[in-house]
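# Analysis of the macromolecular model
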Amino acid sequence: MTYTFDFGTLLPYWPQLLYACLLTLWLASTAVVCGFIIGIITVLARRSGVKVLRAIALSYIEIIRNTPFLVQVFFIFFGLPTVGISFTPWTAAFIALSLNCGAFSAEIIRGGVDAIPRGQFEAGAALGLTPLQVFRYIILKPALRVIYPALSGQFILALLTTSIVSSISAEELTSTAQLIDSDLFRSFEIYIVVTLLYLVLATIFSTIFKGIDRVFFSYPIK
Amino acid sequence: MIRDFGWFEVLSIIQGMGTTLALAAVAFIGGGVFGTAVALARSSAWKWLRIIAAAYIDFFQGTPMLMQLFLVYYGLPVFGIHVSAWTAVAIGLTFHASAFLGEIWRGGIQAVPKGQNEAASALGLGYVSRMRDVVLPQAIKLSFAPTVGFSVQLIKGTSLAAIIGFVELSRSAQIVASTTYKPLLAYGLAGACYFAICFPLSRVSAYYERRLALKT
């Protein structure tokens, strides 16, 4: 092996890399929150009495879940401008990731809603609650406990998925790594460091989520 | 020169679909072989083997797939191994698949009641026979749905090879988009191709998941 590793040349780039970590976290968290809201709306649409709404919600979920994120990003960033809708890379990344998270969240939330006995909805309706109130107090809150692990996993997944938006040069951790790479030509070292940064971020957050799970959702269920 | 979006373009995207399927198949088979080893290590009686397998799985589940591909693609030449983009991507995806399949199958192995393993042991069966004849056949049945589900994830994941420059479905759509200036059509068609492959698999996975849920 003739190659000598040199991680020292990366040192001056630390502030840039840390800032990129923050950008990645910001993108992932806003998209996950937005995706959760989209997910709730989608589940409501899937349960609605209007057939068209149900069909739209179902096709949205299936199309997003069965196509690669990369193609979704390209479609939004390169495809939509040809019909007059154009975004900055960051906005396109945010929209693509939110829509992606929305479809997966919808499936997770649906799983949680299905876990609640039907009698409870009927009891709620019998007590004179509006459908929205039934959804909020009787479905969403208990369901949240059931879906919490999957939902926190969704955040980690989104965190890792953000690396794909580097392909439309939205500014985050991976694109910053590519930028540094074009300065230094030390691809292997940079990608090792950045991979470890992702690993650290993912580990920190999954530890935090497990802690929250233990504190807030640990009391015996049923 | 701007080309029209004609049959040639459609064909090159469909050809990309073939490459995507081939890549996914190679990664799935390679990942299956190594994944079995990972699953067995993860559920073995030796503590160290379990810890190493767990670290291996955590690494692949805690880092972006794109970074894993980059590490293989830029890393192999550093160690004096020069391979084509095809091989690099196939190796990267195989590692990735082995970690995920390993974790799925570990779940399957551990879901088989412990008593069966002990009973087989009491009957004098060795480790190989115990696994091959008693535990694994049941574990495979239990983890069939998530395995098919992962294959969808893997097929979608092959699209990342496009970022390295490997010509598969996404990359051929990218090329068509830039030669015809019709990105909406090119990416739309690529998306439809992925959907045509992944949707049936997703349905199969959901069907078996439901069937298993009804049984238990």
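About the criteria used
Residues numbered from 1 in each chain as written. Chains lettered and ligands numbered in written order. Predicted model: local features only at pLDDT ≥ 70, side-chain atom pairs only at ≥ 80, totals over all residues. Heavy atoms only, no water. Contact = heavy atoms within 4.5 Å. Buried area = accessible area lost by both parts, 1.4 Å probe. Salt bridge = Lys/Arg side-chain N within 4 Å of Asp/Glu carboxyl O. Polar contact = N/O pair within 3.5 Å; in protein donor to acceptor, adjacent residues only side chain to side chain. Helix = DSSP H or I, 4+ residues; strand = E, 2+ residues; numbered from the N terminus. Bend = angle between axes of the 7 residues up to and from the residue. Buried < 20%, exposed > 50% of the residue type's maximum accessible area, 1.4 Å probe, protein only. Phe/Tyr/Trp six-rings, centres within 6.5 Å; stacked < 30°, edge-to-face > 60°. Core = buried A, V, L, I, M, F, W, Y, C linked by side-chain atoms within 4.5 Å.

### What about the interface of chain A and chain B?
Contact with chain A, which involves 35 residues of that partner, is made by 33 residues of chain B. Broken down residue by residue, the surface that chain A buries against chain B is led by N66(A), F188(A) and T195(A), which jointly contribute 20%. Counting across the interface, chain A meets chain B through one salt bridge. A salt bridge links R203(B) to E62(A), with the shortest nitrogen-to-oxygen separation between them at 3.4 Å. Applying the counting criterion to the chain A and chain B interface returns three residue pairs in polar contact (both at pLDDT 80 or more). At the level of elements, α2 (51–65), α3 (69–79), α7 (173–184) and α8 (187–216) of chain A are the ones that each hand at least two residues to the side of chain A that touches chain B. With nine residues, the single largest contributor to the side of chain A that touches chain B is α8(A).

### Details of helix α6 (residues 127–142) of chain B
Residue and element names in this part refer to chain B. A bend of about 45 degrees at V135 is the largest found in α6, and the proline P137 appears one to four places after it. Within the span of α6, buried status applies to S129, R130, M131, V134, V135 and A139. In the core, the buried residues of α6 are packed alongside α1 (7–42), α4 (85–111) and α5 (114–122).

### Regarding the packing of aromatic side chains
Residues and elements named next belong to chain A. As enumerated under the stated definition, the model contains 23 aromatic pairs over all chains in all. Seen from their ring centres, F155 and F205 are 5.2 Å apart, and the 55 degrees between their planes marks the pair as tilted. Here F205 lies in helix α8 and F155 lies in helix α6 (residues 131–161), a separation of 50 residues in the sequence. By relative accessible area, F155 is classed as buried at 8%.

### Thoughts on the pattern of salt bridges
Side chains that carry opposite charge are capable of pairing whenever their charged atoms lie near each other. All names here are of chain A. By the definition in use, this model includes eight salt bridges over all chains. E107 serves as the salt-bridge partner of R110, at 3.2 Å between the closest nitrogen and oxygen. Pair noted here: R110 and E107 are both in helix α4 (residues 89–114), with a separation of three residues, about one helical turn. Residue classification places R110 among the partly exposed residues on the basis of a relative accessible area of 30%. The class for E107 is buried, based on a relative accessible area of 18%. The salt bridge partner of R186 is E189, with a shortest N-O separation of 3.0 Å. On the basis of relative accessible area, R186 is assigned to the partly exposed category, the value being 21%.

### Quick look at the nonpolar core
Core analysis: the biggest nonpolar cluster contains 86 residues, and I168(A), L173(A), V194(A) and L93(B) have the highest contact counts within it. Those residues in contact with V194(A) that sit more than four places away from it in its chain are L17(A), L173(A), A177(A) and M67(B). Grouped together as the second largest cluster of nonpolar side chains are 19 residues, I61(A), A106(A), F121(A) and I139(A) included.

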